[in-house]
Amino acid sequence: MTEDAFPGWRGRNIVGVHKGGKVIIVGNGQISLGQTVIKSNARKVPRLSPATQDMICRFAASTAHAFTLMERLDSKLEASPGQFARANVNLAKDWCTEKYLQKLEAMLIVSDGNDLFVITGAGDVLTPQHDIAAMGSGGNDALAGGRAMMTNGNLTVERIDG
């Protein structure tokens, strides 16, 4: 998505896995421009903490677009305490209907620790198939890694993160 807006920029590799009643969302932390690594330790998994619940969010987008959407999601969570799915749907509605939000190019993987969703600017709020979500320039590789994690019965989310 951002690769079209900024040709040559790559590095948004994200995977979210829901396994054993727990969720993990990880990313590679690398931002590249062509063959040049611009930053190798980017923190791309911000944690939002509205008054009623914790949420983690991972994005494939420019930072400004993603944080605009995450702030909006934070306000939706505060308006609908304990209704994580509803807050995500309300964000998706705003994103595809409000003129200034429509220009934001991004995809989000979000979780409250129980549910895992992918949110798009087209108004989609998706529960990923097989409890694995992946996106970014290395999304296919991340998805393959997530599938391998799910099929290995010995891996817990704690071991995946470690």
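We now turn to the structure provided with this report. Just so it is clear, the model here is predicted, and its values are computed rather than measured.

1. Side note on the overall build of the chain
In step 1: Of the regular secondary structure elements, the chain holds six helices and 11 strands.
In step 2: Across the chain, every contact between residues at least 6 apart in sequence was considered, and the portion connecting residues at least 24 apart equals 58%.
In step 3: Working note: accessible area of the chain is about 8600 Å², and carbon and sulfur atoms make up 49% of it.

2. A short note on the environment of asparagine 28
In step 1: Relative to the helices and strands, asparagine 28 is located in the loop between strand S3 (22-27) and strand S4 (31-33).
In step 2: The sequence separation of asparagine 28 and asparagine 41 amounts to 13 residues, and the corresponding C-alpha distance is 8.1 Å.

3. Here's the deal with the pairing of strand S8 (residues 106-111)
In step 1: Most of S8 sits out of view: five of its six residues are buried.
In step 2: For S8 and strand S9 (residues 116-120), the ladder comprises five bridges, and the chain directions are antiparallel. Of the residues in S9, the one forming a bridge with methionine 107 is threonine 120.
In step 3: In sequence, S8 turns back onto S9 through a hairpin of four residues, with glycine 113 there showing a positive phi of about 95°.

4. A closer look at the packing of helix H2 (residues 63-79) against helix H3 (residues 84-97)
In step 1: Running from N to C, H2 and H3 point in directions that differ by 135°, and their axes come no closer than 9 Å. Regarding the angle of H2 to H3, the classification is oblique. The element H2 and its partner H3 pack so that their crossing is right-handed. Contacts between H2 and H3 involve Leu69, Arg72, Leu73, Lys76 and Leu77 from the former and Phe84, Ala87, Asn88, Asn90, Leu91, Asp94 and Trp95 from the latter.

5. A short note on unusual backbone geometry
In step 1: Although it is not a glycine, histidine 130 sits at a positive phi angle of roughly 60°.
In step 2: Although it is not a glycine, aspartate 131 adopts a positive phi angle of roughly 60°.
In step 3: Within the secondary structure, aspartate 131 is located in the loop between strand S10 (125-126) and strand S11 (132-135).

6. Here we look at the nonpolar core
In step 1: Among the nonpolar cores identified, the biggest contains 18 residues, and Leu69, Leu73, Leu91, Trp95, Leu108, Val110 and Ile119 are the most heavily contacted of them.
In step 2: Listed by contribution, the elements that provide at least two residues to this core are H2, H3, S8 and S9.
In step 3: Listed in part, the nine residues of the second largest apolar core include Ile14, Val23, Ile56 and Ala133.

7. Observations concerning the sheet that holds strand S2 (residues 14-19)
In step 1: The antiparallel open sheet is built from three strands, whose spatial order is S3-S2-S11. Each having just a single partner strand, S3 and S11 make up the two edges of the open sheet. The average undirected angle you get between the axes of adjacent strands in this sheet is 10°.
In step 2: Note: S2 against S3, six bridges, orientation antiparallel. Bridging from a neighbouring strand, glycine 16 pairs with isoleucine 25 of S3.
In step 3: Across the sheet, helix H5 (residues 139-151) touches S2 and S11, and the angle it forms with S2 is around 20°.

8. As for H5
In step 1: If you check H5, its first and last C-alpha atoms are 18 Å apart, about what 13 residues at 1.5 Å a residue would give, namely 18 Å.
In step 2: Among the residues of H5, Gly139, Ala142, Gly146 and Met149 are the ones counted as buried. Each buried residue of H5 sits inside an arc of 75° when the element is viewed along its axis, so together they form one side. Away from its buried face, by an angle of more than 90 degrees, H5 presents the exposed residues Asn140, Asp141 and Thr151.

Definitions and limits used
Residues numbered from 1 in each chain as written. Predicted model: local features only at pLDDT ≥ 70, side-chain atom pairs only at ≥ 80, totals over all residues. Heavy atoms only, no water. Helix = DSSP H or I, 4+ residues; strand = E, 2+ residues; numbered from the N terminus. Contact = heavy atoms within 4.5 Å. Areas by Shrake-Rupley, 256 points an atom, 1.4 Å probe, with all protein chains shown as cover. Buried < 20%, exposed > 50% of the residue type's maximum accessible area, 1.4 Å probe, protein only. Pairing = 2+ DSSP bridges. Axes fitted to C-alpha atoms, helices over the stretch in contact; angles between N-to-C directions. Parallel < 35°, antiparallel > 145°, perpendicular 65-115°, else oblique. Left-handed = near helix turned anticlockwise from the far one by under 90°. Core = buried A, V, L, I, M, F, W, Y, C linked by side-chain atoms within 4.5 Å. Expected span 1.5 Å × (residues − 1). Arc of directions from axis to C-beta.

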